[in-house]
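Close look at the chain arrangement
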Amino acid sequence: MNNFKIKPIAIYLPQFYPIPENDEWWGKGFTEWTNVTKAKPRFEGHYQPHLPADLGFYDLRLEEARMAQEQMAKNYSIHGFCYYHYWFNGKRMLHEPLDRKINNQKEDLPFMMCWANENWTRTWDGADHQVLLKQEYSFDDDLAHIQHLIPYFKESRYIKVNGKPVFIIYRPRLFPDVKKTIAIWRKEVKKAGFPDIYIGFAQNNEHSFSPKEKGFDFGFQFQPNFESQSNGIPYGITKMKILKNKLKVILGYRIKKKLGIQLERFNYYFDYFNYSKIQMQLSFKKDVYPGITPMWDNSARRKESPFMLHDSTPEKYKNWLRYIKENYPWEAVPENFLFINAWNEWAEGNHLESCQKWGTAYLEATKEVLK
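Rules of the game
Residues numbered from 1 in each chain as written. Predicted model: local features only at pLDDT ≥ 70, side-chain atom pairs only at ≥ 80, totals over all residues. Heavy atoms only, no water. Salt bridge = Lys/Arg side-chain N within 4 Å of Asp/Glu carboxyl O. Buried < 20%, exposed > 50% of the residue type's maximum accessible area, 1.4 Å probe, protein only. Helix = DSSP H or I, 4+ residues; strand = E, 2+ residues; numbered from the N terminus. Contact = heavy atoms within 4.5 Å. Polar contact = N/O pair within 3.5 Å; in protein donor to acceptor, adjacent residues only side chain to side chain. Axes fitted to C-alpha atoms, helices over the stretch in contact; angles between N-to-C directions. Parallel < 35°, antiparallel > 145°, perpendicular 65-115°, else oblique. Left-handed = near helix turned anticlockwise from the far one by under 90°. Nonpolar A, V, L, I, M, F, W, Y, C, P; charged D, E, K, R; others polar. pLDDT = per-residue confidence, 0-100. Pairing = 2+ DSSP bridges. Core = buried A, V, L, I, M, F, W, Y, C linked by side-chain atoms within 4.5 Å. Phe/Tyr/Trp six-rings, centres within 6.5 Å; stacked < 30°, edge-to-face > 60°. Lys NZ or Arg CZ within 6 Å of the ring centre and 35° of its normal.

Some details on the pattern of salt bridges
For the structure shown, the criterion picks out 22 salt bridges. A salt bridge links Lys316 to Asp311, with the shortest nitrogen-to-oxygen separation between them at 3.1 Å. Judged by relative accessible area, which is 40%, Asp311 ranks as partly exposed. Through salt bridges with shared partners, a single network forms among Glu32, Arg301, Glu345 and Glu348.

Structural data, given as structure tokens:
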């Protein structure tokens, strides 16, 4: 274990600068910070808003902001970023930060890309209602897409495994024939001079299949995984407690509606310690890299039915991280990737970047465990 080095890959959100589409849909000047700063606590002890510390409310069009992020990542042993990539039949979205990095050799932190292949909607859930930008699929588009990606793959900073560029699909089940899509991509990547592509997907309750089954090389645990455990009951909550909560919500809703009282939104929140404990009880799956989240709370984005992992602390995160380091079968995979969700998902209360409450404590925990 002396020469063993885990390579943390932090998921990276580029939505921290204004674009015309967001101006039209959400109001002039909208960025991810717009949602972040509006957040308020929903119950006693609820940590909101999540506000940045060292890096401030940055604009990712600025070289100084991106350089500061990369330096922070290096200081705390983050191997690289996994940039969310947005492609809608040739229309790219939120590509400016990565494009500017590509053109600036000083930004030398390794990177890979994950195609966030879902609809953009008003409810931030990728569903089919209130669609702002729809995701369409075709084999012709698959070809055009991979041809667009190959110049990124040729970058020396692009992360590769045995010479194969790493590329991830967020939601493979949305493809009409993902095996054929992958076959098209493999053929084009080989034509471009690579031995192959190292293709993966985000594994969660929606995508729990074996990677090889669908033509993938690997998956990674996308955390938090909202998969229900323990006979369909999520995260150790008892069936009776859920039933009582549902009855309270339904009855409270009907009574308040009848009396004309303003209705409260229902919040789903689960204890971070209990959640991480259940994750540690699950077995690791073949060809699936481990994943972890420092915290999660999307109430800044979602007015209705947000999901929160409540009461996360750096120490609880550290315990989960240490378990992964000591128990994952690292010898069974060709690289030592550990996916951390996320570097900067501020509106989902999900970030390694320093915040005003915890400072750099989560980064320090990461470095301490993985050193």
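There's plenty left to go through after this.
Looking at the environment of Asn298
Among the secondary structure elements, Asn298 is positioned in the loop between strand S14 (296–297) and strand S15 (307–310). On the basis of relative accessibility, which here comes to 9%, the residue Asn298 falls in the buried class. Setting aside its immediate chain neighbours within four residues, Asn298 contacts Pro306, Phe307, Ala347 and Glu348. Among the polar contacts made by the side chain of Asn298, one reaches the main-chain amide nitrogen of Phe307 at a distance of 2.7 Å.

Some words on the packing of helix H9 (residues 314–327) against helix H10 (residues 361–370)
At a minimum axis distance of 9 Å, the contact between H9 and H10 shows a crossing angle of 25°. With respect to H10, the element H9 is oriented roughly parallel. For the element pair H9 and H10, the recorded crossing hand is right-handed. Facing Pro314, Tyr317, Lys318, Leu321, Arg322 and Lys325 of H9, the residues of H10 in contact are Ala361, Tyr362, Ala365, Thr366, Glu368, Val369 and Leu370. Grouping the constituent residues of the contact of H9 with H10 by class yields eight nonpolar, one polar and four charged.

Digging into the confidence of the model for the chain
Per-residue confidence for the chain averages 89 on the pLDDT scale, and 87% of its residues sit at or above 70. Here helix H7 (residues 239–259) is the element of the chain with the lowest mean pLDDT, 43, and strand S4 (residues 111–115) is the one with the highest, 99. Taken together, the stretch residues 259–266 has pLDDT below 50 and engages in twelve contacts with residues farther than four places along the chain or on a different chain.

Some details on unusual backbone geometry
Omega for the bond connecting Gln48 with Pro49 falls within 30 degrees of zero, at -5°, which places this linkage in the cis form. Along the chain, Pro49 falls in the loop between helix H2 (32–38) and helix H3 (63–75). Of note, the bond from Gln223 into Pro224 is cis; its omega dihedral lies within 30 degrees of zero at 0°. When you line up the elements, Pro224 lands in the loop between strand S10 (218–221) and H7. Positive phi values are uncommon outside glycine, yet Ser77 reaches one of about 65°. Assignment of secondary structure puts Ser77 in the loop between H3 and strand S2 (80–88). We classify Ser77 as partly exposed; its relative accessible area is 34%. Its identity is not glycine, yet Asn162 carries a phi of approximately 55°, on the positive side. Assignment of secondary structure puts Asn162 in the loop between strand S7 (160–161) and strand S8 (164–169).

Concerning the environment of Ile102
Mapping Ile102 onto the fold places it in helix H4 (residues 96–102). Judged by its relative accessible area of 17%, Ile102 is buried. Considered as a pair, Ile102 and Tyr152 are 50 residues apart in the sequence and their alpha carbons are 8.0 Å apart. Here Ile102 is in contact with Phe111, Tyr152, Glu155 and Arg157, once residues within four sequence places are set aside.

Side note on the pairing of S2
Counting buried residues in S2 gives nine out of nine residues, a clear majority hidden from the surface. Here S2 shows two buried faces, one formed by Gly80, Cys82, Tyr84, Tyr86 and Phe88 and the other by Phe81, Tyr83, His85 and Trp87. One ladder, built from four bridges, connects strand S1 (residues 7–12) with S2; its direction is parallel. Bridge pairing links Ala10 to Phe81 in S2. Relative to S4, S2 is paired through five bridges, and the arrangement is parallel. Paired with Phe81 across the bridge in S4 is Phe111. With three bridges joining them, S2 and strand S3 (residues 91–93) adopt antiparallel strand pairing. Opposite Tyr86, over in S3, you have Met93 as the bridge partner. As consecutive antiparallel partners, S2 and S3 are separated by two residues, and within that stretch Asn89 has a phi angle of approximately 50°, a positive value.

Thoughts on the nonpolar core
The biggest cluster of nonpolar side chains holds 103 residues, and the ones touching the most others in it are Met112, Phe153, Phe167, Phe339 and Trp343. Excluding residues that lie within four positions of it along the chain, Phe153 makes contacts with Ile146, Tyr158, Lys160, Pro165, Phe167, Val189, Phe194 and Ile197.

Quick look at the packing of aromatic side chains
Following the criterion strictly, the structure yields 44 aromatic pairs and no others. Ring centres of Phe201 and Phe216 lie 4.9 Å apart, and the angle between their planes is 55°; on these two criteria the pair is classed as tilted. Remark: Phe216 occurs in the loop between strand S9 (198–203) and S10 and Phe201 occurs in strand S9; sequence separation between them is 15 residues. In this structure Phe201 comes out as buried when scored by relative accessible area, which is 0%. Given a relative accessible area of 1%, Phe216 falls into the buried group. In this structure, Lys180 packs its charged tip against the face of Phe139, placed 4.2 Å from the ring centre.

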